[in-house]
Amino acid sequence: MVNTTVFESEIVNDLSAELKSDPSFDKNVLAVKVRVAVKELIEMRNYYATSMTDEQIEDDIERFYPQVMNVARFDYNMTGAEGEISHSENGIQRMYADRSSFWNGVVPFAGVGR
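Residues numbered from 1 in each chain as written. Predicted model: local features only at pLDDT ≥ 70, side-chain atom pairs only at ≥ 80, totals over all residues. Heavy atoms only, no water.

Caption draft 1: Examining the nonpolar core more closely. In terms of nonpolar packing, the biggest core is built from 22 residues, with Ile11, Leu15, Val34 and Val68 touching the most fellow members. Elements supplying a minimum of two residues to this core: helix H1 (5-19), helix H2 (27-45), helix H3 (54-62) and helix H4 (65-77). The element contributing the most residues to this core is H4, with six residues. Setting aside its immediate chain neighbours within four residues, Leu15 contacts Leu30, Val34, Met69, Ala72 and Arg73. (Core = buried A, V, L, I, M, F, W, Y, C linked by side-chain atoms within 4.5 Å. Buried < 20%, exposed > 50% of the residue type's maximum accessible area, 1.4 Å probe, protein only. Helix = DSSP H or I, 4+ residues; strand = E, 2+ residues; numbered from the N terminus. Contact = heavy atoms within 4.5 Å.)

Here it is in C-alpha cells:
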C-alpha cells in the first residue's frame, strides 16, 4: 500500500508556515485538504494501470509537489465558498481560478487491454 504520510506532512508544514498569520488558520482543515489533493492525484495518475511498485509510485507522487500544494492551498482558501464562481461585496469583485488548472502537467498512465 502506498504511504503518502511523509509527503502530506511536508506539504502541511510548508503551507502552515505560509498561512499561519491568518487568525482563522486551522491546521486540521488544511491537513484534510492536503490528503484529499493527494488522493485526487493518485486517482488522476491511474497507477493501477501500471506495474509500478509502491516505492516507485511514492517517488512519482513527489514529482507533483507543486500541483498538490497549489490545489490544497486553493481548496483551503475556498473553505466556506465551495461552488462559488464569483463574489461581489462592498464594491470588491472576486473571480476565482479554475481549480482544474492547478493540475496542469498531471497526465494519467494508460493501460493496454489484453
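Caption draft 2: Region of interest: the pattern of salt bridges. The full count for this structure, using the stated rule, is five salt bridges. One salt bridge connects Arg73 with Glu18, and the closest N-O pair in it is separated by 2.6 Å. One end of the pair, Arg73, is in helix H4; the other, Glu18, is in helix H1, and 55 residues separate them in sequence. The exposure class assigned to Arg73 is partly exposed, which follows from its relative accessible area of 21%. Its salt-bridge partner being Glu40, residue Arg99 comes within 2.6 Å of it at the nearest N-O pair. A residue pair is termed long-range when its members are at least 10 positions apart, and Arg99 in the segment after strand S2 (92-95) and Glu40 in helix H2 qualify at 59 residues. Under the relative-accessibility criterion, Arg99 is labelled partly exposed at 24%. Put simply, Glu40, Asp75 and Arg99 are held in one network by salt bridges that share partners. (Salt bridge = Lys/Arg side-chain N within 4 Å of Asp/Glu carboxyl O.)

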